[in-house]
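# Per-entry structural report
Here is how the chains run, residue by residue.
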Amino acid sequence: MHEAASTSREKTIVIGAGQAGFSFCARLRELGYRGDITLFGDEPHAPYQRPPLSKAYLLGDMSVDRLLLRPTEFYHDQHIDLKTGIAVSAINPDSKTITLKNGAGVSYDRLVLATGSTPRKLPASLCDNLAGIYYMRSMADADGIAPEIAQGRRALVIGGGYIGLEAAAVAAKRGVNVTMIEAGERILQRVACSQTSDYFRDLHRSHGVDIREGVGLQGLQGSNGRVSSATLSDGTSLDIDFVIAGIGIVPNAELARDAGLDCENGIKVDAQCTTSDPAIMAIGDCACFPCNGALLRLESVGNAIDQGQAAAAIVMGSDQPYLAKPWFWSDQYDIKLQIAGLSSGFDTIRQRLGDAGSRSHWYFRGDRLLAVDAMNDPRAYMVAKRLIEAGKSPPVDVVSDISLDLKDLLKV
Ligand code: FAD
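Residues numbered from 1 in each chain as written. Predicted model: local features only at pLDDT ≥ 70, side-chain atom pairs only at ≥ 80, totals over all residues. Heavy atoms only, no water.

Next up on the list: the state of the cysteines. Enumeration over the complete set of coordinates arrives at zero disulfides. In this structure Cys 25 is not part of a disulfide, and its nearest cysteine sulfur, from Cys 286, lies 13 Å away. You can call Cys 25 buried: its relative accessible area is 1%. In this model Cys 263 remains outside any disulfide bridge; the closest cysteine sulfur is found in Cys 286, 9.1 Å from its own. (Disulfide = S-S within 2.5 Å. Buried < 20%, exposed > 50% of the residue type's maximum accessible area, 1.4 Å probe, protein only.)

With that out of the way, let us pick up the packing of aromatic side chains. Summed over the entire model, instances satisfying the criterion amount to eight aromatic pairs. Taken together, a centroid distance of 5.2 Å and an interplanar angle of 70° make the contact between Phe 289 and Tyr 322 edge-to-face. Of this pair, Phe 289 sits in strand β20 (residues 287–291) while Tyr 322 sits in the loop between α10 (301–315) and β22 (327–332), and the two are 33 residues apart along the sequence. Comparing Phe 289 with Tyr 322 shows no difference in burial state: the two are buried. Three or more aromatic residues link up through ring pairs in this structure, and these residues are Phe 22, Phe 74 and Tyr 75. If you follow Arg 70 out to its NZ or CZ, it ends over the ring of Phe 74, 5.4 Å from the centre. Seen from the ring of Tyr 135, Lys 121 lies directly overhead, with NZ or CZ sitting 5.1 Å from the centre. (Phe/Tyr/Trp six-rings, centres within 6.5 Å; stacked < 30°, edge-to-face > 60°. Helix = DSSP H or I, 4+ residues; strand = E, 2+ residues; numbered from the N terminus. Lys NZ or Arg CZ within 6 Å of the ring centre and 35° of its normal.)

Further remarks concern helix α7 (residues 162–173). Between its first and last C-alpha, α7 extends 16 Å over twelve residues, near the 16 Å set by a 1.5 Å rise per residue. Of all twelve residues in α7, ten are buried; the element is thus mostly enclosed. Where α7 is concerned, the buried positions are Tyr 162, Gly 164, Leu 165, Glu 166, Ala 167, Ala 168, Ala 169, Val 170, Ala 171 and Ala 172. Residue Gly 175 follows α7 closely and has a positive phi angle near 85°. (Expected span 1.5 Å × (residues − 1).)

Okay, the packing of helix α1 (residues 19–30) against α10 next. Across the interface, α1 lies against α10 with an axial gap of 7 Å and an inter-helix angle of 35°. The handedness of the crossing between α1 and α10 is right-handed. Listed contacts from α10 to Gln 19, Ala 20, Ser 23, Phe 24, Arg 27 and Leu 28 of α1 are Val 301, Ala 304, Ile 305, Gly 308, Gln 309, Ala 311, Ala 312 and Val 315. Residues of the contact of α1 with α10, tallied by class, amount to nine nonpolar, four polar and one charged. (Axes fitted to C-alpha atoms, helices over the stretch in contact; angles between N-to-C directions. Left-handed = near helix turned anticlockwise from the far one by under 90°. Contact = heavy atoms within 4.5 Å. Nonpolar A, V, L, I, M, F, W, Y, C, P; charged D, E, K, R; others polar.)

So, about the side chain of Thr 275. Tracing the backbone shows Thr 275 in the loop between β18 (267–268) and β19 (280–282). In terms of polar contacts, Thr 275 uses its side chain to reach the backbone carbonyl oxygen of Asp 277, at 3.0 Å. There is a polar contact of 2.8 Å between the side chain of Thr 275 and the backbone oxygen of Ile 280. If near-sequence neighbours (up to four positions away) are discounted, Thr 275 is found in contact with Leu 261, Ile 267, Lys 268, Val 269, Ile 280, Met 281 and Ala 282. (Polar contact = N/O pair within 3.5 Å; in protein donor to acceptor, adjacent residues only side chain to side chain.)

Below, the structure written as structure tokens:
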């Protein structure tokens, strides 16, 4: 439990100037916190949104200014001391200080870890330090990829998750010849039902993307230090100009681990967003929190915002535990996918057709509605979100019945 009152001399430090760190600081001020807030970020920018990096920003349809969550004056006005381009290299819980990369020490009363995550890298043995191999996490990453995306070039996208699919969609839209390999049986296998995988496979193939499932990478070869071909696990080889790897992320928990905090699939926190050290909280992609008797770590904007805000309320004395209300979206070509809930553990899928080719896939375990994937169907998404958040489930077989209006599902 944290003290409700804050004094003007209390020092709160946040490590990680991303979505969760921003959400925490902004809400803390909104709730009337009068202590000092310092927000450290190792990137050169004020906090910005990452989703457009693999969508509108990569397409060249969005400016840097529009990526920023707030203009820089916001931090000045809110007395949030934003320190960009400064990495924190250690936490010293005994002295309640952090050490910056330049060796300086800074003391805190409360520390919040919002360090996000890092893309998983291809094994060095497969890629041999070649140029032309990209990952997708930061504005710098997107700026590196953008010049590669041009008519007639050949891309290999490794990994059929959301990041890989979105990057493939942008590249295909700009006339790149895209081959995607997915080592699993099907794209989106980790996160979606086979019907959703089928939908997005068909969508990408209709835009010319060559999707190869059950196929891994055996190696990348180069000429003059740059990637030029790939050998695949099925024995085929491809001539390519560049590679985008979207093979998952690893939570940034090293600082916490080195400081002796409990970590397990990220930084372990309780329902109050507090780590094994009562003066240190963790939020966003890096935090693993209790949910329905298990530990859960979410990689989404929705979670970063909600958990940041919940942590701020807890600092200000709220005794409400953080309850995740998962939601997510992805844009590919002219399709907006919206997801409400968490589908893991489902045993039944029902499809509901909407207008003009829109549709939704409803995930049930027994008769309990767990999640919905809605493709260009914002109404299905909204109804499902309301049902899931209220813990209500329409009867499984009613969902597909399009003679019933969607809002009738709220009543059954
Ligand atoms: P981040 O936003 O990653 O912020 C963490 C920050 O901490 C980073 O700036 C990092 O550099 C900094 N940091 C780390 N260590 C240190 C240190 N030691 N010292 C100082 N600073 C440090 N989610 C969705 O819901 N929908 C989407 O469509 C979607 N699309 C995405 C597309 C892309 C390309 C990416 C990369 C992510 C996408 N996500 C999407 C996920 C979403 O952006 C993340 O879940 C969200 O940004 C997590 O917020 P965070 O604050 O935990 O981490």
